[in-house]
Amino acid sequence: MNHKMRTALFFTNFAIFVTGMGLLPVLPLYAAKFGASQTVIGFYLASTYASIAAGSLLTNRLLNHLPLRLLFAGAGIIGAPALILLGQAQALWQVIVLTGLIWFVGGIGLALVSVLTGLYANGRSRGKSFGLMFLARPLAGVLGGLAVGQFIARQGYPQAFIMLAAVWLLWPLATLGLDRALPAPARKTAVPSAPTVRGKANAAEKRPFYLLLLIVFMSTVAIYVGRLSTSLAMQSLDFSARAVSSTSVVASLFAIPITPLLGSLSDRLGRRRLLWLGYLLAAAGALILTASTQIWHFWLETIFLFVATSVNGTVAAALATDLLPASQVRRYLPWLNAVVWGAGIVGFAASGLVADVLGAATTGWIAAALSLAAGALLLPRPSFKRQKTAVAPLAPVPQATPCQ
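Here the structure is a predicted model, which means the values were calculated and not measured.

As a further point, take the packing of helix 12 (residues 271-289) against helix 13 (residues 295-323). Interaxial distance between helix 12 and helix 13 falls to 8 Å at its minimum, and their mutual angle equals 155 degrees. With respect to their mutual orientation, helix 12 and helix 13 come out roughly antiparallel. Crossing angle aside, the handedness with which helix 12 passes helix 13 is left-handed. Of the residues contributing to the contact of helix 12 with helix 13, the split by class is 19 nonpolar, four polar and three charged.

Next up, the structure:
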């Protein structure tokens with residue numbers, strides 16, 4: 001992957017994450033302006049994760065009908081006017097629909113960045129490439145978290161959404177930096193009705209990838225349970241809103257230098273070891289949460305959770321690309337993104353219910369156990385050994401590959 005393309009993909013990720021991480025904390029407040037109850041707000045936030053998961057899952061199907069450059073630029077262009085209209089909404093249903101549209105095209109953008117990184121990154125430095133792409137998330141967590149709240153306080157919601165629309169336009173502008181020699185979408189071909197030996201071999205090849213999806217789902221649910229439990233625990237201890245938001249800012253600042261380092265270390269030490277480290281940190285963060293009473297306790301456990309998030313975003317993506325046959329990266333890698341967002345829905349919904357019934361401390365213990373269980377599935381097994389065959393990104397996708 002050349003420098004020009006790497007920069008284009010990074011700024012795409014950055015534009016999406018700044019918008020998402022900047023808006024998500026204030027969306028409940030914005031919905032409340034239209035009379036939304038807490039229950040409705042909860043479903044509203046869950047719908048945003050459903051929208052971004054749908055965008056990730058549908059990316060490959062859209063690629064079967066649209067040129068990659070057109071889809072990449074078009075999805076980015078759609079988001080900017082949707083953001084401006086969101087700031088001008090007059091009813092709650094408009095807020096929900098427009099937010100869903102923004103998150104849907106955002107899911108497409110994030111999936112395309114993952115696919116192109118997987119296809120173009122050299123196999124020996126794949127972790128480093130994914131680490132650089134995911135670095136956009138903690139950077140966006142700091143800038144978006146600080147800028148959006150201040151902008152709303154001084155200028156109001158409509159102007160804040162216009163500002164975010166301007167940031168969002170970094171995405172379609174970044175497409176100018178993409179190589180024109182992008183892999184062409186594979187054409188559909190008839191699939192044999194009877195299973196073939198090769199079909200069984202293909203299914204066997206993808207079993208480690210499916211297991212990785214389960215591992216990432218379990219660990220990400222644990223992370224989201226920990227993140228929501230942090231807010232609930234700090235609220236119960238009468239911490240201010242500024243103190244609660246400081247946990248994300250501090251953790252993002254810590255994650256900025258760590259994120260690219262994780263990807264590089266996975267290239268040298270192996271993906272499975274780094275995943276294990278991330279899941280151990282997530283479990284440790286959840287356990288710290290069960291006894292947290294001071295602000296630095298919450299900073300520490302949130303740092304652990306953010307590092308675990310970076311591990312899933314970089315090392316798991318690199319391992320998924322290692323495990324998949326080169327011709328299947330475009331089709332299956334977006335599933336990893338969808339699993340992460342689906343875990344967000346489950347994690348947020350489950351943590352609130354469990355905390356109400358069993359208490360915050362028990363919720364922390366459950367999150368720790370879930371993270372350790374995900375790590376246990378990574379115990380030494382031949383299927384997780386890194387493949388030696390490198391992906392040749394500029395080679396045309398084989399025409400005989402079914403891609404639906």
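There's more to say after this.
On to the packing of aromatic side chains, then. Applying the stated criterion across every chain, the model contains 15 aromatic pairs. Both rings, one in Tyr30 and one in Tyr157, keep their centres 4.8 Å apart while their planes meet at 40 degrees; by these two values the pair is tilted. Highlighted residues: Tyr30 in helix 2 (residues 27-32) and Tyr157 in helix 8 (residues 157-168), separated in sequence by 127 residues. Assigned by exposure class, Tyr30 and Tyr157 land together as buried. Ring geometry for Trp168 and Trp171: centres 5.3 Å apart, planes at 50 degrees, overall tilted. You'll find Trp168 and Trp171 in the same group, each marked buried. In textbook terms, an aromatic cluster arises when at least three aromatic residues are bridged by ring pairs, as seen for Tyr30, Phe34, Tyr157 and Phe161.

Now for the pattern of salt bridges. Here the structure, examined in full by the defined rule, presents two salt bridges. The salt bridge involving Arg271 is made with Asp267; its shortest N-O contact spans 2.7 Å. In this pair, the class of Arg271 matches that of Asp267, namely buried. When the shortest N-O distance is used, the salt bridge between Asp322 and Arg271 registers 2.8 Å. In this pair, Asp322 is assigned in helix 13 and Arg271 in helix 12, connecting sequence segments 51 residues apart. Residue classification places Asp322 among the buried residues on the basis of a relative accessible area of 2%.

Our focus in this paragraph is helix 4 (residues 68-87). Here helix 4 contains 20 residues, and its C-alpha end-to-end distance of 30 Å stays within 8% of the 28 Å for a straight helix at 1.5 Å per residue. If you check which residues of helix 4 are buried, you get Leu68, Leu71, Phe72, Ala73, Ala75, Gly76, Gly79, Ala80, Ala82, Leu83, Leu86 and Gly87.

Take Thr99: it is sitting in helix 5 (residues 92-120). A relative accessible area of 0% means that Thr99 is categorised as buried. Other than its neighbours up to four places away in sequence, Thr99 contacts Leu27, Tyr44, Thr48 and Leu86.

Attention now goes to the environment of Leu262. Following the sequence through the fold, Leu262 ends up in helix 11 (residues 241-269). On the basis of relative accessibility, which here comes to 5%, the residue Leu262 falls in the buried class. Each C-alpha atom, one on Leu262 and one on Phe130, is 9.5 Å from the other, the two residues being 132 residues apart in sequence. Apart from the residues within four sequence positions on either side, Leu262 is in contact with Leu274, Val307, Ser310, Val311, Thr314 and Val315.

Conventions adopted
For every chain, the first residue of the written sequence is number 1, and numbering continues from 1 along that sequence. Two thresholds apply to this predicted model, a pLDDT of at least 70 for residue-level local features and 80 or more for giving and counting side-chain atom pairs, whereas whole-chain, interface and lining totals are computed over all residues. Excluded from the side-chain calculation are hydrogens and water; included are all heavy atoms of the structure. Think of each axis as a best-fit line through the C-alpha atoms, taken over the contacting stretch in the case of a helix, with angles from 0 to 180 degrees between the N-to-C directions. Helix and strand assignments follow DSSP, with helices taken as H or I runs no shorter than four residues and strands as E runs no shorter than two, numbered in order from the N terminus. For classification purposes, an angle smaller than 35 degrees is called roughly parallel, one larger than 145 roughly antiparallel, one from 65 to 115 roughly perpendicular, and anything else oblique. Crossing handedness follows the turn of the near helix against the far one: under a right angle anticlockwise gives a left-handed crossing, and clockwise gives a right-handed one. Asp, Glu, Lys and Arg are counted as charged, while Ala, Val, Leu, Ile, Met, Phe, Trp, Tyr, Cys and Pro are counted as nonpolar; the rest, among them Gly, fall into the polar class. Pairing of aromatic side chains requires ring centres within 6.5 Å, counting the rings of Phe and Tyr and the six-membered ring of Trp. Pairs whose planes differ by under 30 degrees are stacked, by over 60 edge-to-face, and all others tilted. Classification of residues uses two cut-offs on accessible area relative to the type maximum, computed with a 1.4 Å probe and protein chains only: under 20% is buried, over 50% is exposed, and between them is partly exposed. In the sections that follow, a salt bridge refers to a side-chain nitrogen of Lys or Arg positioned within 4 Å of a carboxyl oxygen of Asp or Glu. Given a helix with a known number of residues, its expected span is that number minus one, times 1.5 Å. In this description, contact between two residues means that some pair of their heavy atoms is separated by no more than 4.5 Å.

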